[in-house]
Amino acid sequence: MQFRSAAVFYNIRKTSVAPLAQEVRDYLAQKGLAVRVITSLDELAEHPADLLVSMGGDGTMLCCARAAAPLHIPIFGINCGTLGFLAACEKNDFKNSLQQLLDGKCALNERFMLQTRLLDQDGQVQEFLAFNDCVLRAAEPRSFLTQAAFNGIKIPSYFGDGVIVSTPTGSTAYSLAAGGPIIEPEVDVLLVTPICPHTLNQRPLILPGNATLTLAPTFKQETSRALASIDGQINLSLPPGAKLEITRSPVRAKLLCPKERGFFSILNRKLNWGNR
């Protein structure tokens, strides 16, 4: 894969990352790329690039994935945060890793994303793209009932603190903390994980990747509201009678990564999976 232009993005609130972003810009410019540093992902649509370099933690990568996937721009993540599960390299090794990228020694991994549709009683529809997950929960801490349907067919409802619907990539995020399984990113499935279910017989559910899952929250008190949280970053208040339709998005996030930094290696290094 050849790159002629690149955009280097960092969170403007993380001022400590700004000098490193300039170092990355200078390094890529020395390699012959047309490079600019951006602090707003809206600039990607206005001025597309062949490559997006994400500088931050996993939260920054989530923002970059939602912005870059519809534009088919691959992402190279440099971890400047804490965990950095999604990043291609650590910040102290960015030159070596970027050189591998320019030498064609990085793998291009396409990741499943979610399309979430919020439908209200008036027929209004809002659509959102999610890289990790869509979480349905109460606006205030309380248990509630969620009616569910799989491809239009009613399935048993959920009663508890909410429901997490995640991609395979998102299986190692909030879903994992809530007791969900780890799913290899290339598996084509939706993962449904209940949050603190008030029963012993509700467990995580794996559905086909082309499934449509419908969730409709109901409360005993008319003033109670549900929230839909997209990747933990976009939070939507559901009006009474609204429901969510969640399915696989037609677009995929494209992540670039050195070949030795594979999924199971990252699981071991970042989450201590398999250690004794």
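The preceding data block contains the structure.
All of these numbers come straight from a predicted model, not from anything done at the bench.

Quick notes on the rules
Residues numbered from 1 in each chain as written. Predicted model: local features only at pLDDT ≥ 70, side-chain atom pairs only at ≥ 80, totals over all residues. Heavy atoms only, no water. 1 Å grid on protein atoms, 1.4 Å probe; cavity = no way out; pocket = protein on both sides within 12 Å on 5 of 7 lines; lining within 4 Å. Points joined across faces, edges and corners; volume = space filled by probe spheres on them. Helix = DSSP H or I, 4+ residues; strand = E, 2+ residues; numbered from the N terminus. Nonpolar A, V, L, I, M, F, W, Y, C, P; charged D, E, K, R; others polar. Salt bridge = Lys/Arg side-chain N within 4 Å of Asp/Glu carboxyl O. Buried < 20%, exposed > 50% of the residue type's maximum accessible area, 1.4 Å probe, protein only. Core = buried A, V, L, I, M, F, W, Y, C linked by side-chain atoms within 4.5 Å. Contact = heavy atoms within 4.5 Å.

A. Up close: the layout of surface pockets. Quantified by volume, the largest pocket comes out at close to 360 Å³. Among the secondary structure elements, those contributing two or more residues to the lining of the largest pocket are β6 (106–111), β19 (253–258) and α6 (263–271). A breakdown of the residues in the lining of the largest pocket according to their chemical character gives twelve nonpolar, four polar and six charged. What the second largest pocket holds in volume is close to 300 Å³. Sorting elements by how many residues they give to the lining of the second largest pocket places helix α3 (residues 58–68) first, with five residues. Along the lines of polarity and charge, the residues of the lining of the second largest pocket split into five nonpolar, seven polar and four charged.

B. Spotlight on the pattern of salt bridges. Enumeration according to the criterion identifies nine salt bridges in this entry. Here Asp231 ties to Arg66 by a salt bridge, and the two come within 2.9 Å at their closest N and O atoms. Of this pair, Asp231 sits in the loop between β16 (226–230) and β17 (234–238) while Arg66 sits in helix α3, placing them 165 residues apart in sequence. The same class applies to Asp231 as to Arg66, namely buried. Among the salt bridges present, the one from Arg261 reaches Glu90, with a minimum N-O distance of 2.9 Å.

C. Fine view of the nonpolar core. Among the nonpolar cores identified, the biggest contains 28 residues, and Leu114, Leu215, Leu238 and Leu244 are the most heavily contacted of them. Excluding anything up to four places from it in sequence, Leu238 contacts Leu118, Leu136, Pro217, Arg225, Ala226, Leu227, Ala228 and Leu244. One finds Ala7, Phe85, Phe131 and Ala253 within the second-largest nonpolar core, a separate group that totals 26 residues.

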